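Residue-level listing of the chains:
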Amino acid sequence: MNTSAIHSSPVIGPSTPPPWVDARTPLGRLIAGVLAVEPVRQLLFLQARRMMIRTAEGRGIPWRQRREQLRQQAEPWLASSTEAAVVVPPYYRARFHAYAEGNLCWEAACEAEQATDSVALRVWKEEKQLSPEAAQQRMREGIYAAIEPSLSAPVRDVLDIGCSVGVGTLALADWLEQHGHSDARVSGLDLSPQMLAVARVRDAGGRIKAWHHGAAEATGLPAASLDLITAQFLCHELPGDASRAVLREAARLLRPGGVLALVDQDPEAAVIRAMPPALATLLKATEPYLEDYFRLDLPAALADAGFTAIRRVASDHRHRVLVATRA
Ligand SMILES: C[S@@+](CC[C@H](N)C(=O)[O-])C[C@H]1O[C@@H](n2cnc3c(N)ncnc32)[C@H](O)[C@@H]1O
């Protein structure tokens, strides 16, 4: 990977939200008004969705074919991926990414792998020959290279929270094995049983120790039982209070000296800050908590939750990793 793209700095303060983030601006109000008209909203999202699938398929992601294949294979895993006692927080039932049932449906679960490959391709969109697999690998290597300096001892117990269908969980397990942590036992946790069912299908070799159904802010897992927790692209899907609760739960789960890594969109990234406001505001309409994410002072929230040695690393030119150590 291109390590020159990585900038690491100790964290000193909050980021400024990108200029388009404010729903109270005239443009924000106008777009909210347009999207409040249900048939208009549906038409716009349908067109956007068609375009997204066409673009992905044009770049070698077999979006629709893979969706059908995963659905067929994952359905039998649903019951064993569902923990009846799990309490689903109300914010989680919001419409996400234009799926009416958010992450709690087959369509979202069976399109998540394709969507994350599209995200990776978009990072290097000028490289037209880059395959989805190579883009995904490059994006993940950037993330784990950012975490590595904070790992002072071999990691044994690892949890990937908000693991979705396990793309990052499996990539992390591979990376740990190849970088001197071959005893690491990696588990994933997510609130969506459909996502977990797909994760199990993708983990056909049983590489992952456990796929837990649960809320990242109330996992029910034992205290001080983990060396590393990753939250890859989770925080932008959480209201601010839920993010804070997740950090507190992570602090409870980690052993002293354990590491938490939060990967997500980089509020400082030039490409994100320069997005055309109308497009960015429309995209934001499919992400109910994106504004919360950009407004939250995550470094301060990490410190409040008991983390120290907080570093910010731009893992590529769209994403940053906040790496912190449990005091
Ligand atoms: C964008 S996806 C994460 C992608 C994945 N980690 C990766 O690296 O490709 C966000 C995931 O977080 C999960 N999620 C959202 N809120 C959660 C919560 N409170 N507890 C556990 N999982 C949650 C969603 O179900 C979804 O699968």
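Just so you know, the residues in each chain are numbered from 1, in the order the chain's sequence is written. Local features in this predicted model are restricted to residues of pLDDT 70 or higher, and side-chain atom pairs are both shown and tallied only at a pLDDT of 80 or more, whereas totals for entire chains, interfaces and linings draw on every residue.

1. Considering the overall build of the chain
Here comes step 1: Secondary structure elements are taken from DSSP: a helix is a run of H or I of four residues or more, a strand is a run of E of two residues or more, and numbering for both begins at the N terminus. In terms of helices and strands, the chain carries 12 helices and 8 strands.
Here comes step 2: In terms of C-alpha radius of gyration, the chain reaches 19 Å, essentially the compact-globule figure of 20 Å for 327 residues.
Here comes step 3: Projected onto the principal axes, the alpha-carbon positions of the chain cover approximately 55 × 45 × 45 Å.
Here comes step 4: With C-beta atoms placed from the backbone, a residue is labelled by how many other C-beta atoms lie within 10 Å of its own: buried for 20 or more, exposed for 12 or fewer, partly exposed between the two. Among the 327 residues that make up the chain, the fraction classed as buried is 41%. In this treatment the radius of gyration is a C-alpha quantity, and the globule benchmark scales as 2.2 Å times the residue count to the 0.38 power.

2. Here we look at the environment of alanine 204
Here comes step 1: By the secondary structure assignment, alanine 204 is in the loop between helix 7 (193-202) and strand 4 (211-213).
Here comes step 2: As for alanine 204 and isoleucine 61, which are separated by 143 residues in sequence, their C-alpha atoms are 20 Å apart.

3. A closer look at the site of the ligand
Here comes step 1: What surrounds the ligand is a group of 22 residues, the closest being Gly162, Ser164, Gly168, Ala216 and Gln232.
Here comes step 2: Only Asp, Glu, Lys and Arg are considered charged, only Ala, Val, Leu, Ile, Met, Phe, Trp, Tyr, Cys and Pro nonpolar, and every remaining residue, Gly among them, polar. Split by residue class, the shell around the ligand holds 12 nonpolar, 7 polar and 3 charged. Working rule for contacts: place C-beta from the backbone, and if it is within 6 Å of a molecule or strand, that residue counts as near it.

4. Regarding helix 8 (residues 240-253)
Here comes step 1: A rise of 1.5 Å per residue sets the reference length of helix 8, with its 14 residues, at 20 Å; its end C-alpha atoms lie 20 Å apart and thus fit the reference within 8%.
Here comes step 2: Looking at helix 8, one finds that the buried residues are Ala242, Ser243, Val246, Leu247, Glu249, Ala250, Ala251 and Leu253. By this rule the span expected of a helix is its residue count minus one, scaled by 1.5 Å.

5. Re the packing of helix 4 (residues 106-123) against helix 7
Packed helix pairs are specified by the crossing angle of their axes together with the interaxial distance, meaning the distance between the axes.
Here comes step 1: Running from N to C, helix 4 and helix 7 cross one another at 40°; their axes reach a closest spacing of 8 Å. As far as their axial angle goes, helix 7 and helix 4 are oblique. Crossing geometry of helix 4 relative to helix 7 is assigned as right-handed. Here Trp106, Ala109, Cys110 and Ala112 of helix 4 come into contact with helix 7, specifically with Gln194, Met195, Ala197 and Val198.
Here comes step 2: Across the contact of helix 4 with helix 7, the residue classes break down as 7 nonpolar, 1 polar and no charged. Only C-alpha atoms enter the line fits that serve as axes; for helices the fit covers just the stretch in contact. Angles between N-to-C directions range over 0 to 180 degrees. When an angle is under 35 degrees it counts as roughly parallel; over 145 it counts as roughly antiparallel; between 65 and 115 it counts as roughly perpendicular; any other value is oblique. In this scheme the crossing of two helices becomes right-handed for a clockwise turn of the near helix relative to the far one and left-handed for an anticlockwise turn of less than a right angle. A pair of residues counts as a contact when their C-beta atoms, built from backbone coordinates, are within 7 Å of each other.

6. Here's the deal with the packing of helix 4 against helix 5 (residues 132-147)
Here comes step 1: Helix 5 packs onto helix 4 with a crossing angle of 80° between their chain directions and a minimal axis gap of 8 Å. What the angle tells us is that helix 4 and helix 5 run roughly perpendicular. For the pair helix 4 and helix 5, contact is made by Thr116, Asp117, Ala120, Leu121 and Val123 and by Pro132, Ala135, Gln136 and Met139, respectively.
Here comes step 2: Looking at the contact of helix 4 with helix 5 residue by residue, the class counts come to 6 nonpolar, 2 polar and 1 charged.

7. Regarding the pairing of strand 2 (residues 157-161)
Here comes step 1: Of all the 5 residues making up strand 2, 5 are buried; the element is thus mostly covered by neighbouring parts of the structure.
Here comes step 2: Across the two faces of strand 2 the burial is the same, with Asp157, Leu159 and Ile161 and Val158 and Asp160 all buried.
Here comes step 3: Taken together, the 5 bridges between strand 2 and strand 3 (residues 185-190) define a ladder with parallel strand orientation. Bridging from a neighbouring strand, valine 158 pairs with valine 186 of strand 3. In this scheme, strands are said to pair when DSSP sees at least two bridges between them.

8. Side note on unusual backbone geometry
Note on backbone geometry: most residues besides glycine have negative phi, and most peptide bonds are trans.
Here comes step 1: At serine 164, a position not held by glycine, the phi torsion is positive, near 55°.
Here comes step 2: When you line up the elements, serine 164 lands in the loop between strand 2 and helix 6 (167-178).
Here comes step 3: Its 26 C-beta neighbours within 10 Å are what place serine 164 among the buried residues.
Here comes step 4: With phi around 50°, alanine 224 is a residue other than glycine that occupies positive phi space.
Here comes step 5: Here alanine 224 lies in the loop between strand 4 and strand 5 (226-232).
Here comes step 6: On the neighbour-count criterion, alanine 224 (12 C-beta atoms within 10 Å) is exposed.

9. A short note on the pairing of strand 5
Regular strands place their side chains on alternate faces of the sheet.
Here comes step 1: Most of strand 5 is tucked away: 7 of the 7 residues are buried.
Here comes step 2: Pairing between strand 2 and strand 5: 4 bridges, direction parallel. Its bridge partner being in strand 5, aspartate 160 is matched across the sheet by threonine 230.

10. Focus on the environment of leucine 130
Here comes step 1: Note that leucine 130 resides in the loop between helix 4 and helix 5.
Here comes step 2: Excluding residues that lie within four positions of it along the chain, leucine 130 makes contacts with Leu121, Trp124 and Ala135.

11. With respect to the confidence of the model for the chain
Here comes step 1: Along the chain, pLDDT gives the predictor's confidence residue by residue, from 0 to 100. Per-residue pLDDT for the chain averages 92, and the proportion of residues at 70 or more is 94%.
Here comes step 2: Segment residues 1-7: pLDDT under 50, and 15 contacts once partners within four positions in sequence are set aside and those in other chains are kept.

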